[in-house]
Amino acid sequence: MPQSGNRWRIPMSMKGLAALAIAALCGAAGAQISIGPVDLPDVPGGYPSDRIVVQFKEGVEPVNVPYFGPQTGIAEVDALSAKWEVLSIDPYSPSGYANKALADKLGLSRTYIIRVPKYTDVKVMEREYDRAPGVEYAEFVGIGAPALVPNDANIANCWGLNNTGQTGGTPDADIDAYEGWDTFTGYGNITLAVVDTGVDPNHPEMAGKMVSGWNTYLNNGNTFDVYGHGTHVAGTAGANGNNSVGLAGVSWRVKIMPMKVLSDSGNGSEDQCGAGMVWAADNGANIATMSLQYYTGAQSFQNSVNYAYGQGVLLIAATGNSQGRRVAYPAKFANCYAVGATNHTDARASFSNYGPEIDVVAPGENVYSCIPGNSYAYYSGTSMATPHTSGLASLIWSFDRGLTNDEVFDVIRDTAEDKGAGGWDEQYGWGRINARRALDRALLDIAFPTSIALDRGGYISGVLSDANNSDDMLYVIGGSGAPQISGPPIRAIVTGVSPRLLPSKLQFLIEAKANKTGISQKIELKNMLNGQWELVDTRGIGTSDALAVISITVNPARFIGNAGQVQARISYLDSAPGVTAPRVSLDQARWSVRE
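Residues numbered from 1 in each chain as written. Predicted model: local features only at pLDDT ≥ 70, side-chain atom pairs only at ≥ 80, totals over all residues. Heavy atoms only, no water.

## Considerations on the side chain of Thr 415
In step 1: Note that Thr 415 resides in the loop between α9 (405–414) and α10 (435–443).
In step 2: With near-sequence residues (within four places) excluded, Thr 415 lies in contact with Asn 434, Arg 437, Ala 438 and Arg 441. (Helix = DSSP H or I, 4+ residues; strand = E, 2+ residues; numbered from the N terminus. Contact = heavy atoms within 4.5 Å.)

What follows is the structure in structure tokens.
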């Protein structure tokens, strides 16, 4: 029986064969192709014959020298490069790493792709490089693709969001999205990386939510989705809601980062997916949704997962299709959460892989969503279950930005509706996800402001509830433009009521922007035991929203009164007072109080 979380997993063997279930989007209605592991080059389920991945030891820095080819300074390795007619030795992540210390620790900064002519016997080549001096390991990588099982079923609406039995299924065998939306529909403060075949940015469901992504298959900025799979995934997770067209995604306003790691025909290798995770992590993604399946599990692929996870990204992936008790990578890795699929009766979908690594399940059969060309279609697969879950993660994290990546998924796991055998089981994990339960649980930690009292400066606009959430509804306060004599020109005391008296962690979340540069922010919390203000954070703020999460883990109860009262004193100083009076806009100022 696994522990209650995702950290229990033991990493699996990193060598082996890749497998996938890839589906034809064209051809006869209902056509379905299911491909398992094959020991063949350049086919889905096999391995690319034009590359291997090598992690060199410290101090080895390959260079590509014109006319002479790749050089490492190690005679044996350079001899192998000549023998195998190596075309180039390229960094695993061409754009580098924002967190170099983490990349160094994982060895990613020493990991390279050795490119050779197609049809090379990379299995033999890999063994020779693996034994060479200066090499920590060499490996071939798997070819993966979308975890999609197409179906020509024609359903009337999105039963996975709200199941009334309209498709002949079981009423309420859904994620309770409608009930969850009564609480919250999401803000644009979370970026979801759709690591897939790209996304159609021109679809009306994507209007106003696209941010820049990258194409790691071709190493360029073209992320348009030709294949159609990534757009379908993006729609389920985050299609615009309440816009009078099509459907609504689970999180209505989440930002979508298109990461094209597969070709226009829906194939790609683990190194391309891994590079996509690294790029997304380094460029602002909060969550990566991966409706993909690979079965090799290369070490470099796992290092990419660990890098993105170490950067604070929440990684969610499909268990894969049509392989029975065998969870696919990257879902199988310890730092990635695994999602299986259910049908409209709440039973495990027949194609859904299962096993000891599964975390939760979600609707994945006959799912209606977007496809390129301003159109819509019904697809099936664990590919479709995964964005239901990543969309819910976006919703939860948008609501409570103080959560960590693991804490977000803890909410999803802890509030899932148990299915199958009692408790965790290999078929359903912890159960089918439930948006209403998850948001109700997240709400238990929140202390919204009950008052904002100014003792310096003045009120300009807004109402108290504007400081509740990151929703671009602003509570605006201002100060005098005169030179400061003593103290800050703006100071306010924010009061709330904690939902618990003895927390393990107390957080004050503040999101603010100023009308000018040179404004600094000081946060003090009131010690309710001695009545003194304690300085907990100082930082500059700019002219666009910036979130600060101040976490107290050592004796946090000292900041909570006997009746639960909590207070924060926020001060703003102007380093260049003059003609323009300082003005600060608060998007949120509230507490999260953890058990």
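## Concerning helix α3 (residues 122–130)
In step 1: Within the sequence span of α3, burial applies to Val 122, Lys 123, Met 125, Glu 126, Glu 128 and Tyr 129.
In step 2: The inward-facing, buried residues of α3 contact β1 (51–56), α1 (75–83), β5 (111–115) and β6 (135–139). (Buried < 20%, exposed > 50% of the residue type's maximum accessible area, 1.4 Å probe, protein only.)

## As for the sheet that holds β5
In step 1: Taking strand neighbours across the sheet as the criterion, the 4 strands line up as β4-β5-β1-β6 in an open arrangement whose pairing is antiparallel. Of all strands in the sheet, those bounded by a partner on one side alone are β4 (88–91) and β6. Pairwise comparison of adjacent strand axes, ignoring direction, gives a mean angle of 25° for this sheet.
In step 2: Of the strand pairs in this sheet, β1 and β6 are connected by 4 bridges, and their pairing is antiparallel. Considered in β6, the bridge of Phe 56 is made with Val 135. (Pairing = 2+ DSSP bridges. Axes fitted to C-alpha atoms, helices over the stretch in contact; angles between N-to-C directions.)

## Looking at a nonpolar patch on the surface
In step 1: Where nonpolar side chains cluster on the molecular surface, the patch consists of Val 63, Val 65, Tyr 67 and Phe 68 and spans about 520 Å² of accessible area.
In step 2: Of note, Tyr 67 is situated in the loop between β2 (63–65) and β3 (69–71).
In step 3: Take Tyr 67: its relative accessible area is 87%, and that puts it in the exposed class. (Patch = residues over 30% accessible without salt bridge, like charges linked within 9 Å, V, L, I, M, F, W, Y side chains within 5 Å. Areas by Shrake-Rupley, 256 points an atom, 1.4 Å probe, with all protein chains shown as cover. Salt bridge = Lys/Arg side-chain N within 4 Å of Asp/Glu carboxyl O.)

## A word on the packing of helix α8 (residues 382–399) against α9
Axes are the key here: two packed helices are described by the angle between their axes and the distance separating the axes.
In step 1: At a closest axis distance of 10 Å, the pairing of α8 and α9 adopts a crossing angle of 115°. Overall, the two elements α8 and α9 adopt an arrangement that is roughly perpendicular. For the element pair α8 and α9, the recorded crossing hand is right-handed. Taking contact as the criterion, the partners of Thr 389, Leu 392, Ala 393, Ile 396 and Trp 397 in α8 are, on α9, Asn 405, Val 408, Phe 409, Val 411 and Ile 412.
In step 2: Of the residues assigned to the contact of α8 with α9, the class counts are 8 nonpolar, 2 polar and no charged. (Parallel < 35°, antiparallel > 145°, perpendicular 65-115°, else oblique. Left-handed = near helix turned anticlockwise from the far one by under 90°. Nonpolar A, V, L, I, M, F, W, Y, C, P; charged D, E, K, R; others polar.)

## A few points about the confidence of the model for the chain
In step 1: Overall, the predicted model of the chain reaches an average pLDDT of 88, with 90% of residues at or above 70.
In step 2: The low-confidence segment residues 1–36 (pLDDT under 50) makes 123 contacts with residues lying over four places distant or belonging to another chain.
In step 3: Contacts from residues 148–156, a stretch scored under 50 in pLDDT, to residues over four places away or in other chains number 34 contacts. (pLDDT = per-residue confidence, 0-100.)

## Topic: the pairing of strand β9 (residues 191–196)
In step 1: For β9, a buried count of 6 out of 6 residues is recorded, marking the element as mostly surrounded by other parts of the structure.
In step 2: With 3 bridges connecting them, β9 and strand β13 (residues 287–290) associate as parallel partners. What sits directly across from Val 194, in β13, is Thr 289.

## Some thoughts on the sheet that holds strand β10 (residues 214–215)
In step 1: Pairing is parallel across the open sheet formed by 7 strands, whose spatial order is β10-β11-β9-β13-β15-β16-β17. Unpaired on one side and paired on the other, β10 and β17 (360–363) mark the two borders of the sheet.
In step 2: The strands touched by helix α5 (residues 229–238) are β9, β11 (255–260) and β13; relative to β9, the strand with the most contacts, the crossing angle is about 150°.

## A word on the state of the cysteines
In step 1: Summed over all chains, the structure comprises 0 disulfides.
In step 2: Not engaged in a disulfide, the cysteine Cys 158 finds its nearest cysteine sulfur in Cys 370; these two sulfurs lie 9.1 Å apart.
In step 3: Taking the relative accessible area as the measure of exposure, Cys 158 reaches 16% and is therefore buried.
In step 4: There is no disulfide at Cys 273, and the cysteine sulfur nearest it, in Cys 336, is 8.9 Å away.
In step 5: Judged by relative accessible area, which is 0%, Cys 273 ranks as buried. (Disulfide = S-S within 2.5 Å.)

## Some details on the packing of aromatic side chains
Within a pair of aromatic rings, the relevant descriptors are the distance that separates the centres and the angle that separates the planes.
In step 1: Following the criterion strictly, the structure yields 16 aromatic pairs and no others.
In step 2: Ring geometry for Tyr 459 and Tyr 475: centres 5.7 Å apart, planes at 55°, overall tilted. With Tyr 459 in strand β22 (residues 458–461) and Tyr 475 in strand β23 (residues 475–478), this pair connects stretches of sequence that are 16 residues apart.
In step 3: When its relative accessible area of 48% is taken as the criterion, Tyr 459 is described as partly exposed.
In step 4: In textbook terms, an aromatic cluster arises when at least three aromatic residues are bridged by ring pairs, as seen for Tyr 294, Phe 301, Tyr 329 and Phe 333. (Phe/Tyr/Trp six-rings, centres within 6.5 Å; stacked < 30°, edge-to-face > 60°.)

## Points about the side chain of Thr 111
In step 1: Inspection of the secondary structure assignment puts Thr 111 in strand β5.
In step 2: In this structure Thr 111 comes out as buried when scored by relative accessible area, which is 1%.
In step 3: Of note is the side chain of Thr 111, whose polar atom sits 3.3 Å from the side chain of Gln 55.
In step 4: Ignoring sequence-local partners within four residues, the contact set of Thr 111 consists of Val 53, Val 54, Gln 55, Pro 91, Tyr 92, Tyr 137 and Ser 300. (Polar contact = N/O pair within 3.5 Å; in protein donor to acceptor, adjacent residues only side chain to side chain.)

## Some words on the nonpolar core
In step 1: Grouped together as the largest cluster of nonpolar side chains are 64 residues, with contacts concentrated most on Ile 256, Ile 287, Leu 314, Leu 392 and Ile 396.
In step 2: Apart from residues no more than four positions distant in its own chain, Ile 256 is found in contact with Leu 192, Val 194, Val 199, Met 206, Lys 209, Met 210, Val 211 and Ala 234.
In step 3: Of all hydrophobic cores here, the second largest spans 41 residues; its members include Val 53, Leu 102, Ala 103 and Ala 288. (Core = buried A, V, L, I, M, F, W, Y, C linked by side-chain atoms within 4.5 Å.)

## So, the environment of Thr 170
In step 1: Tracing the sequence through the fold places Thr 170 in the loop between β8 (149–150) and α4 (177–181).
In step 2: Distance from Thr 170 to Trp 159, taken between C-alpha atoms, is 9.8 Å for residues 11 residues apart in sequence.
In step 3: In this structure, Thr 170 is in contact with Asn 163, His 344 and Thr 345, ignoring residues within four places of it in sequence.

## A look at the pattern of salt bridges
Oppositely charged side chains are able to pair whenever their charged atoms sit close together.
In step 1: According to the stated counting rule, one finds 28 salt bridges in the structure shown.
In step 2: Between Asp 410 and Arg 413 there is a salt bridge; the shortest N-O distance is 3.0 Å. With Asp 410 and Arg 413 both in helix α9 and 3 residues apart, this pair spans about one turn of that helix.
In step 3: We classify Arg 413 as buried; its relative accessible area is 10%.
In step 4: Put simply, Asp 574 and Lys 516 hold a salt bridge, and the shortest N to O gap is 2.8 Å.

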